[in-house]
Every structure is written in C-alpha cells, then in structure tokens.
Amino acid sequence: MNRPAGGVAIPRPAAPRAPARRGVAYVVAGGVAGLAWAAGLRGFMVEVAGAETTVGWLATFGGILLPGAVTGALLGRAEHLRRSGDDRFRRLLAAAPLAFVVANPYAFVTVVTEGGIGGAALAVPLFGIAGGYALAGRGRRAGRVAAGVVASIGILGWAAGAAVIGDRVPHLAPGTPRGAWVAVLYTASMAVLAMACAIPHRAADGPGAGTT
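Visitor: Could you give an account of the overall build of the protein, with specific residues and numbers?
Guide: Helices and strands together make up the secondary structure of the protein, namely seven helices and zero strands. A total of 212 residues make up the protein; the buried ones form 36% of that total. The long-range fraction of contacts in the protein, counting pairs at least 24 apart against all pairs at least 6 apart in sequence, stands at 66%. A total accessible area of about 12,300 Å² is found for the protein, and carbon and sulfur atoms account for 70% of it.

Here it is in structure tokens:
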C-alpha cells in the first residue's frame, strides 16, 4: 500500500490479468476449432474408404482428433502472441500441424512398406505448413512461390485424382453431387489449414510489436 503524508493508506491497483485470460481463451478457441476441423477431415476419410472404413478409439481419437485439437491450440497461442506483439518463438508454432506426425509415428514406415498407407499423416501437415508460409506474404519471394506450388498441389490435387478414379469409385467422381461434396470438403479443409498456418508468420501488432 502507498501511505501519503496524511496517513491514509491507498491500496495499490492489482496487476492486470486480462492478457493472461485472453491467452487462455485463444488457446481454447483454437483447440475447439482444430477439433472440429479434424472431425471434418475424418468424415472425408470415411467417404474415401467407403464400406471398408473402420472407426477405432486409438486411430480416430488418438491419431486424428487429438492432434487436430493440439494443432488448433498451438495456432491459437500463436495468434495471441501475434496480437500481443510478442515475436519470441512464435514462428516455431508454424510447425504445429506436425502433431499429426507425432501422433502417427509409424507413418514414415508404412508409406514405404505398405504402398503409401499412412501418407496422409505426412502430406496433410506439410501441405498446410507450405500453404501458410505462402499466404503470410513474408520471407523471400522464391520461397513463397515454391511453397505455394506445393500447397496448391495438395489443395487442388484431390479434384484431379477423383476425376481419374471416378470410373472405379463412382461415388467419388467430381461430376456427381456426392463426389462434388467430397471434393469441396477436402479442398475447403486444406485451405482452412493453410490459412491457420499463416498465423505464426504474419506481422505482429500490439504494444510489443517488433520484439524478438
């Protein structure tokens, strides 16, 4: 307390806690958004697998939904740091989608030994990270262009692939209502991931902008 000459004690104002609360809110909101995104991606996988699909506790919740929520929470944290002007370690959070690789540690092995099975656990995060770097508009132009090409292949590639396999898997043909919906679901999901992954690269704002 401060005690002026008159002897009347004046309590000091409490330290503000709003920034910390806002940080938690960003993380929670990001986690919920990431969970919803991963659930949508799981729906896409069900459509691709068709009648052969299986939904297991470990594979679905541990391998898809949990890393989706973690990815969203980390990117939510990145947005809070960006808005508060804190650049410290923020760009490292651009690697948040690699949570899918951590949750599926055998993806590298199955890509080689099982003809590409498990490749989505590697491809989806990489396409998202590349797209985020390209969309952020910062860094060397050549690098952004290269990243944009990689991301475009991942985001737009499904429509071309579905057109090729449409004869063998009719319900995935983009010329059918169901196939068009599946293509939109995938393309929109990948685009959202790329936009979210741009957050750690965007310029900071706020009272501490420019700090390192």
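Here the narrative resumes, following the displayed structure.
Visitor: Describe helix 7 (residues 177–197), and please don't skip the residues or the numbers.
Guide: An ideal rise of 1.5 Å per residue puts 30 Å on 21 residues; helix 7 measures up with 30 Å between its terminal C-alpha atoms. Looking only at helix 7, the buried set comprises Gly-179, Val-182, Ala-183, Leu-185, Tyr-186, Ser-189, Met-190, Leu-193, Ala-194 and Cys-197. In an axial view of helix 7, the angular spread of the buried residues amounts to 155 degrees, which keeps them on one side of the axis. Exposed and facing more than 90 degrees away from the buried side of helix 7 are Pro-177, Val-184 and Met-195.

Visitor: So what's going on with the environment of Ala-33? Which residues, and what values?
Guide: With respect to the helices, strands and loops of the structure, Ala-33 is situated in helix 1 (residues 18–49). Since its relative accessible area comes to 46%, Ala-33 is described here as partly exposed. Spatially, the C-alpha atom of Ala-33 lies 6.2 Å from that of Gly-72, the residues being 39 residues apart in sequence.

Visitor: Hey, could you go over the layout of surface pockets for me, with residue numbers and the actual values?
Guide: Roughly 260 Å³ of volume is contained in the second largest pocket. Along the wall of the second largest pocket there are 17 residues; nearest its centre are Gly-30, Ala-33, Gly-34, Gly-72 and Ala-196. The set of elements that each furnish at least two residues to the lining of the second largest pocket consists of helix 1, helix 2 (57–83) and helix 7. Taken together, the residues of the lining of the second largest pocket sort by class into ten nonpolar, six polar and one charged.

Visitor: Describe the UniProt feature "transmembrane region" (unreviewed entry) in the protein, listing the residues and the values that go with them.
Guide: The feature "transmembrane region" (unreviewed entry), as annotated in UniProt, sits at residues 24–45, 57–77, 89–109, 115–136, 145–166 and 178–199 in this numbering. Across residues 24–45, the secondary structure splits into 100% helix and 0% strand, with the terminal C-alpha atoms separated by 31 Å. For residues 57–77, helix accounts for 100% and strand for 0%, while the C-alpha atoms at its two ends are 27 Å apart.

Visitor: Can you lay out the nonpolar core for me, pointing to particular residues and giving the numbers?
Guide: Trp-37, Phe-44 and Trp-158 are the most contacted members of the largest nonpolar core, which has 22 residues in total. A total of eight residues in this core trace back to one element, the largest contributor, which is helix 7. When neighbours within four sequence positions are excluded, Trp-158 is seen to be in contact with Phe-44, Val-48, Leu-172, Val-182, Ala-183 and Tyr-186.

Visitor: Requested: an account of the pattern of salt bridges, with residues and values cited.
Guide: For the coordinates displayed, the defined rule picks out three salt bridges. A salt bridge links Arg-178 to Glu-47; the shortest N-O distance between them is 2.8 Å. A residue pair is termed long-range when its members are at least 10 positions apart, and Arg-178 in helix 7 and Glu-47 in helix 1 qualify at 131 residues. When its relative accessible area of 11% is taken as the criterion, Glu-47 is described as buried. Across the salt bridge formed by Arg-82 and Glu-79, the nearest N and O atoms sit 3.0 Å from each other. Remark: Glu-79 and Arg-82 occur in helix 2; sequence separation between them is three residues, near one turn of the helix. Residue Arg-82 shares its accessibility class with Glu-79, and that shared class is buried.

Visitor: An account of the packing of aromatic side chains is requested, with residue identities and associated values reported.
Guide: Under the counting rule described, the total for this entry stands at three aromatic pairs. Arranged with centres 6.1 Å apart and planes meeting at 70 degrees, the rings of Trp-37 and Phe-100 form a pair that is edge-to-face. Of the two residues, Trp-37 sits in helix 1 while Phe-100 sits in helix 3 (residues 99–103), which places them 63 residues apart along the sequence. Here the two residues Trp-37 and Phe-100 agree in accessibility, since each one is buried.

The rules behind each value
Residues numbered from 1 in each chain as written. Predicted model: local features only at pLDDT ≥ 70, side-chain atom pairs only at ≥ 80, totals over all residues. Heavy atoms only, no water. Helix = DSSP H or I, 4+ residues; strand = E, 2+ residues; numbered from the N terminus. Buried < 20%, exposed > 50% of the residue type's maximum accessible area, 1.4 Å probe, protein only. Contact = heavy atoms within 4.5 Å. Areas by Shrake-Rupley, 256 points an atom, 1.4 Å probe, with all protein chains shown as cover. Expected span 1.5 Å × (residues − 1). Arc of directions from axis to C-beta. 1 Å grid on protein atoms, 1.4 Å probe; cavity = no way out; pocket = protein on both sides within 12 Å on 5 of 7 lines; lining within 4 Å. Points joined across faces, edges and corners; volume = space filled by probe spheres on them. Nonpolar A, V, L, I, M, F, W, Y, C, P; charged D, E, K, R; others polar. UniProt positions renumbered as here; feature names shortened; annotations may be inferred. Core = buried A, V, L, I, M, F, W, Y, C linked by side-chain atoms within 4.5 Å. Salt bridge = Lys/Arg side-chain N within 4 Å of Asp/Glu carboxyl O. Phe/Tyr/Trp six-rings, centres within 6.5 Å; stacked < 30°, edge-to-face > 60°.

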